[in-house]
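Summary of structural features
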Amino acid sequence: MKQDKRFKNEINRMSLQMPAISVNEGMARAAVAAFCAQLSPDATELADIKCAVSEAVTNCIVHAYKNRKGKFYITVSLFADRTVQIAVQDKGCGIPNVKAAMEPLYTTDAAGERSGMGFTVMENFMDRLHVTSRQGKGTLVLLSKRLGRSTEEE
Amino acid sequence: MFKTEYHFEVKKRDWLLVVRLFGEIDHHGAVTLREDLDRLILKERPRRLVLDLSLIEFMDSAGLGLLMGRYRLMQDIGGVMVLSRPNQRIMKILRLSGMERFMEIEGVGAKGEQEDEAR
Ligand SMILES: Nc1ncnc2c1ncn2[C@@H]1O[C@H](COP(=O)(O)OP(=O)(O)OP(=O)(O)O)[C@@H](O)[C@H]1O
Ligand SMILES: [Mg+2]
């Protein structure tokens, strides 16, 4: 399996568990960025990762638990080929229709001034985004990015 | 002179209101920032609101929601909102959202402290 081969080349891993409170949005993205610095990302890559993590974590806090008590879980794996893989998981309400939720501008919380761009940001700022969810069980967001490939227009 | 608030500075001249934002705009900070900006806008009722973004170090989609909300509020009171000096990071997310197409944006790529017309 492809996954197994990659797993052997994993050079480091970090797991975090935090209460789903909004102050941890900044904490989580800073912690992930600090950990990813081992792979010497350039400034753009690091900013992309921070933003994607911020989106995933904010969704746990705002949507999964709807500001009720809960935790989110982050695992960051670094691979020898300079791939960063980030899993952000919650045990919240889940997403009934993942495909619809991932559409740009889709939001279930228009009253909260959301732009509905969170998943679009994750998708565009990372190489890969994979979302699995079960209603009443929770959501897993998998993000990955291979460093050193940016064809940045900037 | 700018009057210093805790996360933004304000300067007023006739119908112009320049607000310089600091730090990071995420969901955590957006709640109070939104309330404070709206209170200010409704008190001053400017025709032109310039949001100086040059000192913003981080912004995610919560920032897009925040900017969109203030854009609408300014329309509601018969004024316009202008984004000033967004860095490349902010431009990237504004472009992605499509907001860059209809919002007035000035001084793209300008360096933070130089040519500060509001000083
Ligand atoms: N972890 C989650 N648990 C439950 N629902 C979620 C989760 N993440 C996303 N969603 C659902 O998917 C929708 C789209 O998410 P997305 O992040 O793209 O936009 P948003 O959070 O609504 O707005 P923005 O991120 O721009 O503030 C959300 O409105 C919500 O209904
Ligand atoms: Mg979101």
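These notes cover the structure that comes with them. Because the structure is predicted, anything quoted here is derived from the model rather than measured. (Residues numbered from 1 in each chain as written. Chains lettered and ligands numbered in written order. Predicted model: local features only at pLDDT ≥ 70, side-chain atom pairs only at ≥ 80, totals over all residues. Heavy atoms only, no water.)

**Comments concerning the site of ligand 1**
In the vicinity of ligand 1, 20 residues are found, and the nearest of them are N59, H63, T107, T108 and S115 of chain A. Residue neighbours of ligand 1 fall on chains A and B, so the site bridges chains. Interatomic distance of 2.6 Å between a side-chain N/O atom of H63 of chain A and an oxygen atom of ligand 1. Note that an oxygen atom of ligand 1 is positioned 2.9 Å from one of the backbone N or O atoms of F119 of chain A. In isolation ligand 1 has 600 Å² of accessible area, and contact with the protein removes 95% of it. Mapping ligand 1 onto the cavity grids shows that it belongs to the largest pocket. Elements represented by at least two residues in the shell around ligand 1 include exactly α3 (43-64) and α5 (118-125) of chain A. Residues of the shell around ligand 1, tallied by class, amount to 7 nonpolar, 10 polar and 3 charged. (Near = heavy atom within 4 Å. Polar contact = N/O pair within 3.5 Å; in protein donor to acceptor, adjacent residues only side chain to side chain. Areas by Shrake-Rupley, 256 points an atom, 1.4 Å probe, with all protein chains shown as cover. 1 Å grid on protein atoms, 1.4 Å probe; cavity = no way out; pocket = protein on both sides within 12 Å on 5 of 7 lines; lining within 4 Å. Sits in = over half its atoms within 2 Å of the grid points. Helix = DSSP H or I, 4+ residues; strand = E, 2+ residues; numbered from the N terminus. Nonpolar A, V, L, I, M, F, W, Y, C, P; charged D, E, K, R; others polar.)

**Concerning a nonpolar patch on the surface**
Taken together, the side chains of I21, V23 and M27 of chain A make up a nonpolar region of the molecular surface, amounting to roughly 250 Å² of accessible area. By secondary structure assignment, the location of I21 of chain A is in the loop between β1 (10-19) and α2 (23-36). (Patch = residues over 30% accessible without salt bridge, like charges linked within 9 Å, V, L, I, M, F, W, Y side chains within 5 Å. Salt bridge = Lys/Arg side-chain N within 4 Å of Asp/Glu carboxyl O.)

**Here we look at the pairing of strand β2 (residues 8-13) of chain B**
The side chains of a regular strand alternate, first on one face of the sheet and then on the other. Residue and element names in this part refer to chain B. Inspection of the sheet shows β2 paired to strand β3 (residues 16-25) by 6 bridges, in the antiparallel sense. Bridge assignment links E9 to a residue of β3, and that residue is R20. In sequence, β2 turns back onto β3 through a hairpin of 2 residues, with D14 there showing a positive phi of about 50°. (Pairing = 2+ DSSP bridges.)

**Points about α2 of chain A**
Owing to its 3.6 residues per turn, the α-helix aligns residues three or four sequence positions apart on the same side. All names here are of chain A. Over its 14 residues, α2 runs 21 Å from end to end, which matches the ideal 20 Å to within 8%, given 1.5 Å per residue. The set of residues buried in α2 consists of N24, E25, A28, R29, V32, A33, F35 and C36. Here the buried residues of α2 occupy an arc of 170° about the axis, which is enough to place them on one side. (Expected span 1.5 Å × (residues − 1). Buried < 20%, exposed > 50% of the residue type's maximum accessible area, 1.4 Å probe, protein only. Arc of directions from axis to C-beta.)

**Regarding the side chain of T58 of chain A**
Along the chain, T58 of chain A turns up in helix α3. T58 of chain A sits in the buried class, given a relative accessible area of 8%. Here S54 of chain A takes part through its backbone oxygen, which lies 2.6 Å from a polar atom of the side chain of T58 of chain A. Discounting residues that sit within four places of it in the chain, T58 of chain A has contacts with E25 and H63 of chain A together with H27 and D60 of chain B. (Contact = heavy atoms within 4.5 Å.)

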